[in-house]
Amino acid sequence: MNIEKTYFRPQSIGEAVQLAAGHENDFRYLAGGTDVIVNKFQETETSSCLIDLTGIGEMRQVQTLDHCLSIGALVCLDELKNYPVLAVEFPVLLEAAQAVASPVIRKTATIGGNVLCENRCSFFNQTEWWREAVGYCLKCKGDICIATGGTENCFSKFASDTAIALISLDATISVLEKDAAYVVPLEEIYTGDGIQPRKFNKTTLIKSIEIPLDRGFRSVFKKLRQRETLEFSSLTTVVTTDRQGKIKIVLGGVDPKPVVITGKVGDDPKELIRKAVKKSRIVNNDVYSRQYRKDMITVYLNNSFEALAR
Amino acid sequence: MERIKLKINGKQHELLVESHEMLSAVLRDKIGLTGTKIGCEQGTCGACTVLAAGKPVLSCITPALRFHNAEITTIEALAQNGALHALQQKFVGKGAIQCGFCTPGMVLTALDFVNNHPNPSIQEIKEALSGNLCRCTGYKKIIEAVASYAAGTPESKPAVRQAGASAVGVSRPYIEAGKKVCGIAEYADDLRIKNALNCKFLRSIYPHAKIEDIDLSEALKLEGVHYIATGPELPVKFGVLPISQDETAMAIEKTRYLGEIVAAVAADTASIAAEACKLIRVKYRPIKAFLTIDDSLNDIGDCEKIHDYGKFNNNVHKKAELRFGDQQQGLRDADLSSKMTFEFQGVNHGFTEPHAATAYWDENGLTMHTATQVPHYLHRSLAKVMGVPLSRVRVIKPYVGGGFGGKSDPFPHEVIIAHLARKTGRPVRVRLTREEVFLTNHGRHPSKMTVEMGISLEGIIQVLDADIAIDGGAYGSFGVVTSYYNGVLLQAPYKLDNFGFRTFRVYTNKPQCGAMRGHGAVNSRFAVESLIDDLAHRIQMDPGEMRMKNFLDANTLTVGQYRITSNGSRESLQKVMEQSGWKERIGKLPPGHGLGLACGFFISGSALPIIWNELPQSVVHLKVDFDGRVLVTSGASDIGQGSDTMLVIMVAEVLGIDPELIFVLAADTLLTPVDLGSYSSRVTFMAGNAAKDAAENLKSEILTAVSAHKEIQESELNLVGSRVFSNDRSVDLSWIEAVDLLIAGRGAVNVSGKYISPKLGGDFKGAGAGLSPSYSFGACVAEVQVDADTGQVKVLQVWGAHDCGKAINPMAVEGQLEGSWHMGLGQALTEQMRYFNGLLVNNNFLDYKIPTSLDTPDIHTNIIETIDPEGPFGAKECGEGALHPVIPAVTNAIFNAIGVRITKLPIDAEEVLRQMSEIKKTEVSSESNLA
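Visitor: What should I look at first to understand the overall build of chain A in this one?
Guide: The number of helices and strands found in chain A is ten helices and twelve strands. Computed over C-alpha atoms, the radius of gyration of chain A comes to 19 Å, within 12% of the 19 Å expected from 2.2 N^0.38 for 310 residues, which places it in the range of a compact globule. Along the first, second and third principal axes, the C-alpha set of chain A runs to 65 × 50 × 35 Å. Burial status across chain A gives 54% buried among its 310 residues.

Visitor: How do you make sense of the overall build of chain B when you look at a structure like this?
Guide: Across its full length, chain B carries 24 helices and 36 strands. Taking 931 residues into account, the globule formula puts the C-alpha radius of gyration at 30 Å, and chain B, at 28 Å, falls close to it. Classification of the 931 residues of chain B by burial places 62% in the buried group. The contacts in chain B between residues at least 6 apart in sequence include a share of 79% that link residues at least 24 apart.

Visitor: I'm lost on the packing of helix α20 (residues 683-710) of chain B against helix α21 (residues 735-743) of chain B in this one. Help?
Guide: Residue and element names in this part refer to chain B. Running from N to C, α20 and α21 cross one another at 85°; their axes reach a closest spacing of 8 Å. Considering the angle they form, α20 stands roughly perpendicular to α21. Across the interface between the two elements, Glu701, Ile702, Ala705, Val706 and His709 of α20 pack against Ala738, Leu741 and Leu742 of α21. Class assignment of the residues belonging to the contact of α20 with α21 gives a composition of six nonpolar, one polar and one charged.

Visitor: Would you mind showing me how to read the domain arrangement of chain A here?
Guide: Residue and element names in this part refer to chain A. The domain boundaries assigned to chain A delineate domain 1 (59-212) and domain 2 (218-309). For domain 1 versus domain 2, the distance between C-alpha centres works out to 17 Å. In this complex, domain 1 contributes 34 residues to the contact, which on the side of domain 2 involves 24 residues. Looking at the side of domain 1 that touches domain 2, the elements with two or more residues in it are α4 (91-98) and α8 (161-168). Among the elements that make up the side of domain 1 that touches domain 2, the one with the highest residue count is α8 (six residues). The residue inventory of the side of domain 1 that touches domain 2, partitioned by class, reads 18 nonpolar, ten polar and six charged.

Visitor: Mind showing me how you'd approach the packing of helix α2 (residues 86-93) of chain B against helix α5 (residues 140-150) of chain B here?
Guide: Residue and element names in this part refer to chain B. As a packed pair, α2 and α5 sit with axes 8 Å apart at the nearest point and diverge in direction by 140°. With respect to α5, the element α2 is oriented oblique. Both α2 and α5 take part in a crossing whose hand is right-handed. Across the interface between the two elements, Ala86, Leu87, Lys90 and Phe91 of α2 pack against Ala145, Ser148 and Tyr149 of α5. By residue class, the composition of the contact of α2 with α5 is five nonpolar, one polar and one charged.

Visitor: Would you explain helix α11 (residues 375-386) of chain B in this entry?
Guide: Because each turn of an α-helix spans 3.6 residues, side chains separated by three or four positions end up pointing in the same direction. All names here are of chain B. The end-to-end C-alpha distance of α11 is 16 Å, a good match for the 16 Å that twelve residues give at a rise of 1.5 Å each. The element α11 is largely enclosed, with a buried count of ten among its twelve residues. When we look at burial in α11, the residues that qualify are Pro375, His376, Tyr377, Leu378, His379, Arg380, Ser381, Leu382, Val385 and Met386. Among the structural elements, β15 (365-370), β16 (393-396) and α12 (412-424) are those in contact with the buried residues of α11. Glycine 387 sits one or two positions beyond α11 and adopts a positive phi of about 70°.

Visitor: Honestly, the pairing of strand β2 (residues 27-30) of chain A in this entry has me stumped. Any pointers?
Guide: Along any regular strand, the residues point their side chains to alternate faces of the sheet. Residue and element names in this part refer to chain A. In this structure, β2 lies alongside strand β3 (residues 49-52), joined through four bridges in parallel fashion. What sits directly across from tyrosine 29, in β3, is isoleucine 51. Between the parallel pair β2 and β3, the chain is carried across by helix α2 (residues 36-42), and the sense of this crossover is right-handed.

Visitor: Honestly, the interface of chain A and chain B in this entry has me stumped. Any pointers?
Guide: Frequently, the measure chosen for interface size is the accessible area that the parts lose on association. On the chain B side, the residues contacting the 35 residues of chain A number 43 residues. For the side of chain A that touches chain B, the elements supplying multiple residues, two or more each, are β1 (6-8), α2, β3, α5 (103-106), α7 (128-134) and α10 (290-309) of chain A. Of the residues forming the side of chain A that touches chain B, the biggest block, five residues, is contributed by α7 of chain A. Within the side of chain A that touches chain B, the residues separate by chemical class into 16 nonpolar, twelve polar and seven charged.

Visitor: Just checking my understanding: could you explain the environment of alanine 652 of chain B for this structure?
Guide: Residue and element names in this part refer to chain B. Mapped onto the secondary structure, alanine 652 falls in helix α19 (residues 643-655). It is 52 Å that separates the C-alpha atoms of alanine 652 and threonine 255, two residues lying 397 residues apart in sequence. The contacts of alanine 652, once residues within four sequence positions are left out, are Ala167, Ile657, Asp658, Pro659 and Ile662.

Visitor: Which parts of the structure should I look at to understand the pairing of strand β31 (residues 775-786) of chain B?
Guide: Residue and element names in this part refer to chain B. Taking burial as the measure, the twelve residues of β31 include eleven buried ones, the bulk of the element. Taken together, the ten bridges between β31 and strand β32 (residues 793-803) define a ladder with antiparallel strand orientation. The partner of glutamine 785 across the bridge, within β32, is lysine 794. Counting the residues that bridge the hairpin from β31 to β32 gives six residues, and of these glycine 791 lies at a positive phi of roughly 75°.

Visitor: Could you clarify how one ought to interpret the sheet that holds strand β14 (residues 356-362) of chain B in this entry?
Guide: By definition, the strands of a sheet pair up through backbone hydrogen bonds, in either a parallel or an antiparallel sense. Residue and element names in this part refer to chain B. With mixed pairing, the seven strands of this open sheet are ordered in space as β8-β10-β6-β17-β14-β15-β16. One side of each edge strand has no neighbouring strand; the edge strands of this open sheet are β8 (225-230) and β16. Ignoring strand direction, the axes of neighbouring strands in this sheet form an average angle of 20°. With four bridges joining them, β15 and β16 adopt parallel strand pairing. Pairing of threonine 367 across the sheet is with arginine 394, part of β16. Taken strand by strand, helix α8 (residues 270-279) contacts β6 (197-203), β8 and β10 (261-267), and its axis lies near 25° from that of β6.

Visitor: In this structure, what is going on with the nonpolar core? I would like to understand it.
Guide: Across soluble globular proteins, you tend to see nonpolar side chains buried next to one another. If you look at the biggest cluster of nonpolar residues, it comprises 406 residues, and the most contacted ones within it are Leu166 of chain A together with Cys199, Ala264, Val265, Val651, Cys780 and Val890 of chain B. For this core, the element with the most residues is α20 of chain B, which contributes 13 residues. If near-sequence neighbours (up to four positions away) are discounted, alanine 264 of chain B is found in contact with Cys199, Phe201, Ile228, Ala229, Met250, Ile416 and Leu420 of chain B.

Visitor: Where do I start with the sheet that holds strand β29 (residues 732-734) of chain B in this structure?
Guide: Residues and elements named next belong to chain B. On the basis of which strands lie adjacent, the open sheet formed by three strands has the order β27-β28-β29 and antiparallel pairing. The sheet is open, and its two borders are formed by β27 (717-720) and β29, each paired with just one other strand. Direction aside, neighbouring strands of the sheet carry axes that sit 15° apart on average. Against the sheet, α20 touches β27, β28 (723-726) and β29, its axis set at about 130° to β27. Its contacts with the sheet put α21 on β28 and β29, and the angle it makes with β29 is roughly 95°.

Visitor: Could you clarify how one ought to interpret α21 of chain B in this entry?
Guide: Residue and element names in this part refer to chain B. Among the residues of α21, Trp735, Ala738, Val739 and Leu742 are the ones counted as buried. Summarising the axial view, the buried residues of α21 lie within an arc of 100°, below the 170-degree limit, and thus occupy one face. For α21, the secondary structure elements touched by its buried residues are β24 (618-624), α20, β28, β29 and β30 (749-755). Immediately beyond the C-terminal end of α21, within one or two residues, lies glycine 745, with a positive phi of roughly 70°.

Criteria and cut-off values
- Residues numbered from 1 in each chain as written.
- Chains lettered and ligands numbered in written order.
- Predicted model: local features only at pLDDT ≥ 70, side-chain atom pairs only at ≥ 80, totals over all residues.
- Helix = DSSP H or I, 4+ residues; strand = E, 2+ residues; numbered from the N terminus.
- Rg over C-alpha atoms; globule rule 2.2 N^0.38 Å.
- Buried ≥ 20, exposed ≤ 12 C-beta atoms within 10 Å, placed from the backbone.
- Contact = placed C-beta atoms within 7 Å.
- Axes fitted to C-alpha atoms, helices over the stretch in contact; angles between N-to-C directions.
- Parallel < 35°, antiparallel > 145°, perpendicular 65-115°, else oblique.
- Nonpolar A, V, L, I, M, F, W, Y, C, P; charged D, E, K, R; others polar.
- Domains from an automatic or database assignment.
- Left-handed = near helix turned anticlockwise from the far one by under 90°.
- Expected span 1.5 Å × (residues − 1).
- Pairing = 2+ DSSP bridges.
- Right-handed = clockwise from strand over helix to strand, strands pointing away.
- Core = buried A, V, L, I, M, F, W, Y, C linked by C-beta atoms within 7 Å.
- Arc of directions from axis to C-beta.

Here you go:
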């Protein structure tokens, strides 16, 4: 009756991909696993095969390539601060990484895992018993979104803080699929559908993340949360400008995918902020109300623009 | 199953593990290293932290197989050859250990941190520890311990006691601190009894539903399932209060809350039991659920009541009302009055150790090892429900990982495993998940109240009236007491002539509420302190000054005939006002900053027992034998507050002997005399007095024996410095020599001591509620910063003072105060139980937001001593009352900062913003009116 559970810890990417192909229907890659294992306890994750990637050394490197910094997907969030280049070039990424979970979790959680962190909702991140009691929602094969009462769309929140920072920095990711390897801008992998938030299938691996160097980025990061640690975001905002005068606003926690607004220096910040608010599909699935989070987008972005102007 | 090699604490292990087994399970269940604790199974509490492959890892969410061939260090490896690691010494020496459940994870996290950051700032330490939750200490002493270790100062050995030096009033680590810091103190889930079955529960998925059918057939077929019990097998009702025993172990015929136990499985393993629960088919017929106070106060028409109880057609459980003086006249006499409506969400104890227990039956009847605060009441409940004489039940309390009121009722899981153990003839164990702990609840009642106060222009209180409704959830628990406490505990610390209240407690279809630290009066105290702040502001009087004018004196009676003996209200308030620089700083802070103050008081144990009888409230036995050791046996339950240590100090003080000669055996209802338990802040006062009484009786025996043998007057003899000597030193015996004389021709000597409260109180109905032989008093000042853009409130500092009579163990008292203030700040700022259609939404430590070390402000701790005439060596309560003033101090500081009056808890940034914008509008319109 019970399907036999298996666990693998491959030592190379090739081995991992092969193992995945052998268990295609019922496996899950594990990076740090700090979210996936909790989801397993809550039975929103039920794969019988776990492929633990943490033994793959080639995915744990940080290196400077031509015009970009490459961060291996398995670099732990806590290890990022060991690379001085990050503090110099992309302090916002350190700030975002530092804002994730708690210090002890960050020693296990990886940047790749965080970028692919499953969307969250008060009505989904619960035990099997709880979800049965509330009546299963759209994200767990139910008929209705508990948060909105709707039957069409799942609005589970985009939860990764580091992805918000990375997108503002025009980061790309190196992706491996069964038969292909390609590079794609990070912001393009997200679908906006709360149920299937990423365009990837289960066998897709992020090998590394590349951030362009020498762009003269300046950023402001903000995260709305009740405690100063141990929190998923209720709203994460990053505003980044570069030397060419590009402005990029990225929001997390207020939509199933990162909300991205671009502009250029000279644009009316008010107009950019208005666009960002309008684009955010916030619902009441968080400890803070929909309205408050919406209002805070404006407050945070205003403050961010002021900080950048200083 | 897969083969794994692990080098754990230097020793190679090779064993089989389940493919998805977590490292914590391997360490605890397969290797037997139970120092690694399981608190949340979510990675949020940090109790399971171990060092794996060189770094801290949350072992409860990390697969063991990841660490094949790796080195693992658990807490058990830190002490070498019996000597504590320097960091462990700091934790012990600084009082950083209370219940000890978070300690192993905290120590390992701190050790790794300091190894990698040799000279950390305090802020860095706070940040580093912020993934390890502690509910007892408020983090202050933990941070001190880590800072002191990092600074490399060796922990000074406790000073050798001077002969004749007193034991009382000297800070000392808990006697069991060394055990806790090494991870070898056994908590309920650490106990490994051979051949035990594991229990899991099937819980209701409806708040209020008829159970039409339960089909166990598929579940019973599962291999490894031994027994499945359902409600009708345990029909006898129980509950902590004799007057509202309204709960059965499992739902019978209907369920009354989402999460109520419907069936229980005993199986070879916990996972088989859980699997079996999923195979049980229950047919429910949902009926109308009552989820709010208003729903339950109203007539319910044709719907079914939650309990067939009470003569009215509503869900009111208890109405309590008392009136003193003439409130109408008081209102007429008042020059101005203030009336406000308040609303409070429920909060939960949040102890780090989940409920756990093991039960078995043998020739002695039932034995129950369980994480409980009140072995005695559980003993009675188990005998009642199991239908056996009291003489056939033994309750043993192991080390307990915090309680705060949440482990003070007899619980369904305890009753059920007793039943399953009897049915299967095997020991049965259970550990609740964190979600189940939240569903079990018994936390602070959600409350609504309208409170009115009138004062004269001189700031003298003329009248106080409170109209209160509290949401009890599905069962009674301590609710009748809570109902009274909400009202009666307003009659101090201020003098009131005209005072009255009415409280309704309603049943709702939610997890039941009960007693939580500061029981019953935290919310109504908040209301009163907010009103005083408002009125003081309106008559332009300093709120501290106004309170000073109204304080009751020492040695007086309150309007409801509470006997106030020692009273340190004034000293407490004065202390925090001075220390915070109140007079110099108030009104001169930068924009958005504010200072607020508030006061409070609490009982030192209820003068009346819950179950009315003529027994003493506490009895302590002492035995001394040939080895000179004094064995203290007491039913008092140390749940991390340090009561075992307190007993040692009491006895050492009276007998003048070294504490090392004293050994405590506590909270085992076969071996220890009755103590009513660790609730209502009664233990130091009552068990302490009983221990003191017993020690005095032993002293008298010794004096008699020595006097007889040495032919010297008893009055000539002294017991000091572990010696018995006469004033002229003609007799000068070591302790052991004196004991030899005592036991000569007689053998081991047993003596007993007791505590019985004096007769107190008026002769009206309800006069007994809140009666206590003594009351504690205290005050807090808080400083806050409010962000005008976001409405977010940050508490910058807290100054607290608490009159505990006499600090028997000052370090332990500080720990209680700091923990109380920390818990109060949680209720003020972030903690609440959020429900969606009766379903608890935030049933875990990620979403139920206990402040972390980073969220806890600097706390300035002050002990005020007033030497209570009846407290043992002058001592009274310090574990609960301190919580009361801190919450209104924070909200009064918000008013001082931005003029916003908070009337709902927890403080909501959105509400702060809304009120700020209203104030702005009013200002604009009044300016335009002026124009």
